[in-house]
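# Architecture and fold: a report
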Amino acid sequence: MSGDEEKTMNNRLTPSIRRDFPYYRRLWTRVVVILTVSAFLPLAVLGGGLYAYLSRSIKDKTLENLEMEAVFHAQTIDAFLSDRIRNLRLISKNNSLQDLTAPGKIEEVLGSLRLERPYFQDLGVIGPQGSHLAYAGPYDLKARNYLESPWFKETMARGLYVSDVFTGFRNSPHIIIAVLGQEGDTRWILRATVMSELLDNIVTQVTGQRKGDAFLINQNGLYQTTPRTGGSLMTLSPISVPDSFRGVCLEETRGFVRLTTWLNTVPWLSVVSMEKQDIFIDLQRVRNICLLVALLGGFLMVLAILLTTDNLVSMLETKQKDIHILDRHLSRIAYMASSMELSKGLLSDLTEILSNLHVTAALIREKDSINGRDPLSGQILSEAKRGHLLIDRFVRFVESDNPVVMDLDLNRILRRIIDFLNTRLIEKQVCLHTDYDENLPLVKSEGSALSQVLQNILLNAAHVVKKNGTLEVATSTFDRAAVVTIGENGPGLEPEDMERLFRLDHRTARGDLGFSLSISRSVMERLGGKIFAENRPDQGVMIHIHIPFSFFGKEPVFSPDPSAPGDAAGHEN
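Note that residues are indexed from 1 along each chain, following the sequence as it is written. Local features in this predicted model are restricted to residues of pLDDT 70 or higher, and side-chain atom pairs are both shown and tallied only at a pLDDT of 80 or more, whereas totals for entire chains, interfaces and linings draw on every residue. Excluded from the side-chain calculation are hydrogens and water; included are all heavy atoms of the structure.

### Some points on the overall build of the chain
Looking only at helices and strands, the chain features 12 helices and 16 strands. Three labels apply to residues, based on accessible area from a 1.4 Å probe with only protein chains included: buried if under 20% of the type maximum, exposed if over 50%, partly exposed otherwise in between. Split into buried and exposed, the 573 residues of the chain put 38% on the buried side. The contact criterion used throughout is that any non-hydrogen atoms of two residues lie within 4.5 Å. Across the chain, the fraction of contacts at a sequence separation of at least 24, relative to all contacts at a separation of at least 6, is 61%. Working definition of accessibility: Shrake-Rupley area with a 1.4 Å probe, residue cover restricted to the visible protein chains. Taken as a whole, the chain presents about 32,600 Å² of accessible surface, with 55% of it coming from carbon and sulfur. Helix and strand definitions follow DSSP, with helices as H or I runs of at least four residues and strands as E runs of at least two, each counted in order from the N terminus.

### Description of the side chain of Ser-196
Residue position: Ser-196 is located in helix α5 (residues 196-204). Here Ser-196 is in contact with Val-165, Pro-173, His-174 and Leu-233, once residues within four sequence places are set aside.

### Here's the deal with the pattern of salt bridges
Salt bridge criterion: a side-chain nitrogen from Lys or Arg within 4 Å of a carboxyl oxygen from Asp or Glu. One pass over the full model with this rule turns up 10 salt bridges. Measuring nitrogen to oxygen at the nearest pair gives 3.3 Å for the salt bridge that ties Asp-60 to Arg-56. Taken together, the positions of Asp-60 and Arg-56, both in helix α1 (residues 3-94) and 4 residues apart, correspond to about one turn of that helix. For Asp-60, a relative accessible area of 35% corresponds to the partly exposed category. Note on Arg-56: relative accessible area 48%, which makes it partly exposed. As a salt-bridge pair, Glu-148 and Lys-153 come within 3.4 Å of each other at their nearest N and O atoms. Assessed through its relative accessible area of 45%, Lys-153 is described here as partly exposed. Salt bridges linked by common partners bring Lys-59, Glu-252 and Lys-276 together as one network.

### Describing the packing of aromatic side chains
For Phe, Tyr and Trp, rings pair up if their centres lie within 6.5 Å, where Trp contributes its six-membered ring, and each pair is then called stacked (planes under 30 degrees apart), edge-to-face (over 60) or tilted (otherwise). One pass over the structure, following the stated rule, counts 4 aromatic pairs. Aromatic pair Trp-151 and Phe-152: ring centres 6.1 Å apart, planes at 85 degrees, arrangement edge-to-face. In this pair, the class of Trp-151 matches that of Phe-152, namely buried. Through a chain of ring-to-ring contacts, three or more aromatic side chains come together here, namely Tyr-146, Trp-151 and Phe-152.

### Let's talk about the sheet that holds strand β1 (residues 120-126)
Any two strands are treated as partners once DSSP identifies two or more bridges connecting them. One open sheet accounts for 5 strands, arranged β2-β1-β5-β4-β3; its pairing is antiparallel. Single-partner strands in this sheet number two, and they are β2 (132-136) and β3 (160-162). Taking each pair of neighbouring strands and ignoring which way they run, the sheet shows an average axis angle of 15 degrees. Two strands pair when backbone bridges link them, and β3 and strand β4 (residues 174-183) are joined in this way by 3 bridges, in the antiparallel orientation. Across the sheet, Leu-160 pairs through a bridge with Val-179, a residue of β4. Here an axis means a line fitted to C-alpha atoms, over the contact stretch when the element is a helix, while the angle between two N-to-C directions is reported on a 0 to 180 degree scale. Sitting on the sheet, helix α3 (residues 105-116) touches β1 and β2, and the angle it makes with β1 is about 150 degrees.

### Considering the sheet that holds strand β7 (residues 249-253)
Pairing is antiparallel across the open sheet formed by 4 strands, whose spatial order is β6-β9-β8-β7. Of all the strands in the sheet, just β6 (212-217) and β7 have a single pairing partner and so form its edges. Each neighbouring strand pair of the sheet contributes to a mean axis angle of 15 degrees, computed without reference to strand direction. Where β7 meets strand β8 (residues 256-262), 5 bridges bridge the pair, whose relative direction is antiparallel. Its bridge partner being in β8, Leu-250 is matched across the sheet by Leu-259.

### Looking at a nonpolar patch on the surface
Only residues whose relative accessible area exceeds 30% and that take part in no salt bridge are eligible for patches, with like-charged residues grouped when within 9 Å of each other and nonpolar side chains (Val, Leu, Ile, Met, Phe, Trp, Tyr) grouped when within 5 Å. Together, Val-33, Val-37, Leu-41, Val-45 and Leu-46 make up a nonpolar patch on the protein surface, roughly 490 Å² of accessible area in all. On the secondary structure map, Val-33 appears in helix α1. Given a relative accessible area of 47%, Val-33 falls into the partly exposed group.

### Digging into helix α4 (residues 150-158)
When we look at burial in α4, the residues that qualify are Trp-151, Phe-152, Thr-155 and Met-156. The buried residues of α4 occupy one face: seen down the axis, they fall within an arc of 130 degrees. For α4, the exposed residues lying more than 90 degrees away from the buried face are Pro-150, Ala-157 and Arg-158. Turning to α4, the residues buried within the fold contact β1, β3, β4 and β5 (186-195). Following α4 by one or two positions, Gly-159 adopts a phi angle in the positive range, close to 90 degrees. Directions from the helix axis toward the C-beta atoms define the arc.

### With respect to the pairing of strand β13 (residues 470-477)
Pairing between strand β11 (residues 431-435) and β13: 5 bridges, direction parallel. For Leu-432, the partnering residue across the bridge sits in β13 and is Leu-471. As paired strands, β13 and strand β14 (residues 481-488) are joined by 7 bridges and run antiparallel to one another. Within β14, the position partnered with Thr-475 by the bridge is Val-484. Two successive antiparallel strands, β13 and β14, enclose a turn made up of 3 residues, where Asp-479 displays a positive phi of approximately 50 degrees.

### As for the confidence of the model for the chain
With 80% of its residues at a pLDDT of 70 or more, the chain shows a mean pLDDT of 80. Looking at the elements of the chain, mean pLDDT is at its lowest for helix α8 (residues 377-398), recorded as 66, and at its highest for β3, recorded as 94. pLDDT expresses how confident the predictor is about each individual residue, on a scale running from 0 to 100. A low-confidence stretch, residues 1-20 (pLDDT under 50), is modelled with 23 contacts involving residues beyond four sequence positions or located in other chains. Ignoring residues within four places in sequence, the model shows residues 555-573, a span with pLDDT below 50, making 36 contacts including any to other chains.

### Overview of the nonpolar core
By nonpolar core we mean a set of buried residues, namely Ala, Val, Leu, Ile, Met, Phe, Trp, Tyr and Cys, connected to one another through side-chain atoms within 4.5 Å. Core analysis: the biggest nonpolar cluster contains 49 residues, and Leu-88, Leu-123, Val-125, Leu-190 and Trp-268 have the highest contact counts within it. Not counting the four nearest positions on each side in its chain, Leu-123 is found in contact with Leu-88, Ile-106, Val-109, Leu-110, Leu-113, Ala-134, Tyr-135, Ala-136, Leu-190, Arg-191 and Ala-192.

### Here's the deal with the pairing of strand β16 (residues 541-548)
Here β16 lies mainly inside the structure; 8 of its 8 residues are buried. Pairing between strand β15 (residues 530-535) and β16: 6 bridges, direction antiparallel. Within β16, the residue paired with Ala-533 across the bridge is Ile-543. Hairpin connection, β15 to β16: the antiparallel pair is bridged by 5 residues, and Gly-540 has positive phi, about 100 degrees.

Here it is, written out as structure tokens:
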């Protein structure tokens, strides 16, 4: 088929192919949707489940760590107050009332306490009548009497007192720690003052660099330390004070997590409040990573789905075009086959006409021989015989044979095909060179199928060879097989054309008949042989056909018919 014919065919195919595109585009959309849903549904279920489990685990672990920090924070405050109580009890036990009230002794004791840690602001010894027996500190409190003070009464009754934060006589927020000392029947109180700023420093350390707040409140809800956000010392807190409980109470409010626990030393409630965004920063980081991975994975999956589906649909569209082209070829072949069936009647009529001419020429020749004239009828008689023989040979050549495996003479088959091809070669002024191996053994194969392969290759060579070109046909043997080599000096093949030369849908730049070449390869594979091409060193292409001497292909379907015409070694067509 020429380039113009192929272009015309493609133009004819375009409307049909275009009508197929919407179907494939709809198929493309359907496949993309199905694959996307199939890919994302498990991803969403598994990924969502894993994310929920992971986020819950991280959240629980974070809250557990916060509870541990809250408990440790409360224990730190308790330890601070217990140490101060222990300091005062140790002083009251190791020193008598006479020693503590001796001139300069109380100042010495306070100095030793402040030397280690400056927790105590002042220190005083108060007698059973509520008056100072000795005092060391920055305030003038010796004239003060505490007989009616609640803390004095409770200390005398219980032996220990830790006050809430209050201002007292000094008008400065502080707490007092008082322990009871006794010598015989004489009882006295050792009292020390701790400034509230020390508690503030200890309490606020729990939050560190995190955003939040930590403070203490007493049973009445009054702040015992200064909160960072809202409120002031000794004012009422908005938190409702719960009944006493053990452990840590965790509450999640809008944007905050609050942990509360009661102190053991004093009836104060330790409150730690932190922003969720700050304490759950690891959870937020995991959420962002999961989201990023999901988006990236989704993008890659969608990209893979689109590329795969597009490639699949493109292949389907290409195959659809190939099917249309094949359909055109098959329609043309069917038309040619039906035309050959019709031509049998025409050839029969021509044979009858030639027979009549033969008889008439014979009569004229006989009459002319009697009259003694030079018979011109001899030429008519000779051409009539020749035409009759050609028609008979052509009918036998195109007549379909049963797939019978028999001994075949390849040289004879090639000569017969070249006889019919000779006219076309003369028209193109192609020089034919043959190199037959006269000692070539017979091959056992299907005559009709093998003839079709050789005919297709020779027709393709005659099609691509240029005018005044050269066509070479040779036979030889190689590795228990007969080899038919058909070469021409037309244009060579590009590497990509060489790889796809025998493909049904491929047509080379020089015009090789891919349809017939593809059929030839399929037939040779069925017959147990092989066919391949290579560029000639100088110019052109050589096609090698290897036919095994013994038949290794699929057995024929039909039984051999001895009466059927063929190219067996002992038959002449």
